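So you can see what is in the structure, the chains are spelled out below.
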Amino acid sequence: MTATSDARTPGTLPGSPLDGIRVTFPGVLRSEWIKLRSLRSTLWCLGLVVFISVGFSALVAGVYHVENVAAVPVESGRQLQVLAATVGVSFSQLVAAVLGVLVITGEYSTGMIRSTFSAVPGRLAAYFAKLIVLALVVFLVSAVSLALSALVATAIFSSRGLHTDLFSGQVLLPLLGGACYLAMISMLAFSTGAIVRSSAGGIATVLGVLLVLPVVLSLTASLTQAKWVDNMTQFLPSQAGAKLYAFQPTHEAQVPSGTVSLDVWQGLLVLAAWVVVPLVVGAVLVKRRDV
Amino acid sequence: MIEIEGLSKRYGTKLAVDDVSFTVRPGIVTGFLGPNGAGKSTTMRMIMGLDSPSAGRALVAGQPYARLRSPLHEVGALLEAKAVHTGRTAFNHLLALAATHGIPRSRVHEVIAMTGLESVASKRVGGFSLGMGQRLGIAAALLGDPHTLILDEPVNGLDPEGVRWVREFCRYLASQGRTVFISSHLMSEMSQTADHLIVLGRGRVLADAPIAQVISGATRRVVRVRTPRARALTAALTGPGVTITSFDDGALEVSGLEAAQVGDAAAAAGIALHELTPVDASLEEAYLELTRDDVEYHSEVTR
């Protein structure tokens, strides 16, 4: 487009090369990607996810004592492989949670949110673009770090003569599940951050749900001997989500009657509810509140 | 063009903006003047759709801001606080905003050059001085080559050279036919920049007129007189609409009469005058006069 100087009535603006620009959702996605990659906190968090995952995998594979390598059944080998590769998830989830909270509360604490909502006055486009970029980035980085962890564990196991059958579905699916889990935890943290609008409050809330709530519930369960409290624990995001990256034996273990045990898909559904509910609440509040 | 109709904002029991209506026209610089806490920033945030009004509405180019399809091309805003993530570089901040509208990277370089930020563009905003932050805010406002500019206290923290730059730039943008709306709590600043003034006090519009009219309307013109026969002069001048104030040092201040009329009346009564000075209230006094009852926090000065 070129600026033309023809037949303009006096008092009207000169033509601008920017005439005709529009806010578009792909544009907002690109904007959020630029924002995410241009902060040091993002790079630190993602680097930490890789480091934790690979580090714990090497540690567990390295210290695991295997007697009589030849006698280990194939399925136990796979189980060991999954355990070693995913053991870091319970730690890297904390990093994913912190990143998820900071992505949104960082804008509120600095006032950036006013710039964001001035450029995208519909607000929800910015909210969902942020979420999508965050979830994709966390998923990809987690998938890569879990794959690296698995490779490192395989190398260590095979150096001791234990073949772990890395490329079987029984091993690969939990790895994929782990990446999904971390992405969903970052989404849950993001919505929490959008609701509370403070970094400290958001991080405390999410870590409370991920770390403190399971301890409180299982303490209560063991003190009161109440089975229903114990069953409730299964529906916490960390417990339900753990099914996503747990090893699935070919033959299900017997579950005592009256005890709830979720399978992978039920776990995914429960975790999805934990993601969707705060996400909707956050969207309504973001749209409504003054900034 | 900004149209404000019956706009109000209530925080709890306090009315920050109280049924405000005015129009900001293109082609001129409109100043938005008022003491701190008068509701200027709240009004501007409501125009930008950041705060929702308790009543009334604000339209930009005939539409509520949230409905604009190209908000950055329609309105460029610099809002009160630094609305920038401190961990990001100035360049990335502008690049991210530009991306939402598909504004090319070359325009980002352009506004950086226009605001003199080249040397700090790759530095993180957290380390910026107040003046640099202000320049970055202006750069962001200019990014979309907007038809309307809304600048909240734009010269805050700028050095004298920067202040002059903002002033001339605003006048230039208005001369191109853009709508320029600038807030300030300093009358002197406004008198050098604005063509039209909207004065706000305690959330209400106190004046909405061309700047000269606001000043003359609010100015109390007085004549200072000294005479050994103060009592006789007071008697000679007394009439409808004339007030005479006497001071401890013997001076009288006459309002409601021109200096010539005071002199003629004294001559007719045969009273000698030692001083006869017309005193124009300064702009600042005119403004204080206008907002005297509407300042939220009075500072008590003991004489």
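Please refer to the structure higher up on the page.
This one's a predicted model, so the numbers in the text were calculated from it and none came from an experiment.

A. How the structure looks around the interface of chain A and chain B. Listed as interface residues are 40 residues of chain A and, on the opposing side, 42 residues of chain B. The largest share of the area that chain A buries against chain B comes from L13(A), L18(A) and R22(A), three residues that together contribute 17% of it. Of the charged contacts in the structure, one is a salt bridge between K9(B) and D290(A), with a shortest N-O distance of 2.6 Å. Linking chain A with chain B are 15 residue pairs in polar contact (both at pLDDT 80 or more), by the criterion used here. Those elements giving two or more residues to the side of chain A that touches chain B turn out to be α1 (25-37), α4 (89-110) and α5 (112-119) of chain A. The biggest single contributor to the side of chain A that touches chain B is α1(A), with 7 residues.

B. Broad picture of the sheet that holds strand β7 (residues 179-184) of chain B. Residue and element names in this part refer to chain B. One open sheet accounts for 6 strands, arranged β5-β6-β7-β3-β8-β9; its pairing is mixed. The outermost strands of the open sheet, each flanked by one partner alone, are β5 (75-78) and β9 (204-210). For this sheet, the mean inter-axis angle between neighbouring strands, taken without regard to orientation, is 15°. Sheet analysis places strand β3 (residues 29-33) next to β7, joined by 5 bridges and oriented parallel. By the bridge assignment, F32 is partnered in β7 with S183. Those strands touched by helix α5 (residues 130-142) are β5 and β6 (148-152), and its axis lies near 170° from that of β5.

C. Layout of the pattern of salt bridges. Taken as a whole and assessed by the stated rule, the structure comprises 17 salt bridges over all chains. Ionic pairing is found between R178(B) and D145(B), a salt bridge with its closest N-O pair at 3.1 Å. In this pair, R178(B) sits in the loop between α6 (160-175) and β7 while D145(B) sits in the loop between α5 and β6, placing the two residues 33 residues apart along the sequence. For the pair shown, R178(B) and D145(B) are each scored as buried. Sharing partners across several salt bridges, the network here consists of E32(A), K35(A), E107(A) and K130(A).

The rules behind each value
Residues numbered from 1 in each chain as written. Chains lettered and ligands numbered in written order. Predicted model: local features only at pLDDT ≥ 70, side-chain atom pairs only at ≥ 80, totals over all residues. Heavy atoms only, no water. Contact = heavy atoms within 4.5 Å. Buried area = accessible area lost by both parts, 1.4 Å probe. Salt bridge = Lys/Arg side-chain N within 4 Å of Asp/Glu carboxyl O. Polar contact = N/O pair within 3.5 Å; in protein donor to acceptor, adjacent residues only side chain to side chain. Helix = DSSP H or I, 4+ residues; strand = E, 2+ residues; numbered from the N terminus. Pairing = 2+ DSSP bridges. Axes fitted to C-alpha atoms, helices over the stretch in contact; angles between N-to-C directions. Buried < 20%, exposed > 50% of the residue type's maximum accessible area, 1.4 Å probe, protein only.

Any functional reading would require information that these geometric values do not contain.
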